[in-house]
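A closer look at the structure
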Amino acid sequence: MALTASPETQARLLDLQRLDTALQQLAHRSRTLPERAAVTALQEDAERIKAAVVETSGHLEDARLELGRAESDVELVEKRIARDSERLQSSSSVKDIQGLEHELASLRTRLGDLEEIELAVMERIELLERAATGARETLEAHTARRTVAEEELAAALAGIDRERADLDAQRSALVAELPADLVALYEKQRERYGTGASHLRARVSSASGVTLTGSDLEMVRRAAPDEVVLCPDSNAILVRTAESGL
């Protein structure tokens, strides 16, 4: 037997469809929120900024290790100079004095080279420290922006959740008032075809946007007012009203 429901009951399916369409629109809004895109972009930037902090910190650590080695070499050469200078003061051998003076000259040259290296490394460290500080400050500022963006996204999602809860409540109340078999058919058609109910207005099906003509229109005209019919184009329940143009 064909499913039947009063025209007034069938018309209420349009309210149900409007609620479902609104819920779909909310889901789309949730996926496409500009706040969501902003958070995603900031998350991607965060990885790049964090990598820059790690890289700069690594270069700084390497430079500090290099400075430590240079300072150790300078200290070693200074000790050798001090030792040879003492030996020179106490030596009476011309040959030893000449050897010590030659070695001291070489040590002082080496010391000068090491001090230049030490100075260059210190200057590099100073630059790297500024770069590391800048990278950390950039990360801190970015983290603050990300926190604000995440809070804005959470607020936007909370607003959508409130709207969804209200629509869900309206939908549940409406479904409870409709015949179970009519709702079951509506849900089946909506799940399969995307739309559960279509308003026939001026012979145009709202679900498909197609004007019913010929045999399709004649089939709808022949159906009893309480007979539940399907749209030949969208397969949604075709709701007929005074505006249908039949």
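Below is a summary of the structure that appears in this document. What you see is a predicted model; the values in this text were computed from it and never measured.

**Let's talk about a negative patch on the surface**
- On the surface, Glu78, Asp113, Glu115 and Glu116 cluster together into a negatively charged patch.
- By residue number, the principal contributor to the negative patch is helix H3 (residues 94-177), which donates three residues.
- Here Glu78 lies in helix H2 (residues 34-90).

**Notes on the nonpolar core**
- Counting residues in each nonpolar core, the largest one holds 24 residues, and the members touching the most others are Leu13, Leu16, Leu178, Leu182, Tyr186, Ala197 and Ile237.
- Counting only elements with at least two residues in this core, the list comes to helix H1 (7-31), H2, H3, helix H4 (180-193) and strand S4 (237-240).
- Residues in contact with Leu178, not counting those within four places in the same chain, are Thr9, Arg12, Leu13, Leu16 and Val183.
- Core analysis: the next-biggest nonpolar cluster, separate from the first, contains nine residues, Val74, Ile81, Leu88 and Leu111 among them.

**Brief notes about the pairing of S4**
- On S4, burial covers both faces: Ile237 and Val239 on one face and Leu238 and Arg240 on the other are all buried.
- Relative to S4, strand S3 (residues 229-230) runs antiparallel, the two sharing two bridges. When the bridges of S4 are listed, Val229 appears paired with Leu238.
- The turn joining S3 and S4, which pair antiparallel and follow one another in sequence, is formed by six residues; a positive phi near 65 degrees is taken by Asn235.

**Some words on the environment of Leu104**
- Looking at the element boundaries, Leu104 is found in helix H3.
- For Leu104, a relative accessible area of 3% gives the class buried.
- C-alpha of Leu104 to C-alpha of Arg201: the two residues are 97 residues apart in sequence and 107 Å apart in space.
- Contacts of Leu104, omitting those with residues within four sequence positions, involve Ile81, Asp84, Ser85 and Leu88.

**Digging into the sheet that holds strand S2 (residues 204-205)**
- Spatially, S2-S1-S4-S3 is the arrangement adopted by the four strands of the open sheet, whose pairing is mixed. A strand with exactly one partner marks an edge of an open sheet, and here the two such strands are S2 and S3.
- Bridging between strand S1 (residues 197-201) and S4 involves four bridges; their strand directions are parallel. What sits directly across from Ser198, in S4, is Leu238.
- Packed onto the sheet, H1 meets S1 and S4 and runs at close to 120 degrees relative to S4.

Calculation rules
- Residues numbered from 1 in each chain as written.
- Predicted model: local features only at pLDDT ≥ 70, side-chain atom pairs only at ≥ 80, totals over all residues.
- Heavy atoms only, no water.
- Patch = residues over 30% accessible without salt bridge, like charges linked within 9 Å, V, L, I, M, F, W, Y side chains within 5 Å.
- Areas by Shrake-Rupley, 256 points an atom, 1.4 Å probe, with all protein chains shown as cover.
- Salt bridge = Lys/Arg side-chain N within 4 Å of Asp/Glu carboxyl O.
- Lys, Arg positive; Asp, Glu negative; His and termini not counted.
- Charge placed at Lys NZ, Arg CZ, Asp CG, Glu CD.
- Helix = DSSP H or I, 4+ residues; strand = E, 2+ residues; numbered from the N terminus.
- Core = buried A, V, L, I, M, F, W, Y, C linked by side-chain atoms within 4.5 Å.
- Buried < 20%, exposed > 50% of the residue type's maximum accessible area, 1.4 Å probe, protein only.
- Contact = heavy atoms within 4.5 Å.
- Pairing = 2+ DSSP bridges.
- Axes fitted to C-alpha atoms, helices over the stretch in contact; angles between N-to-C directions.

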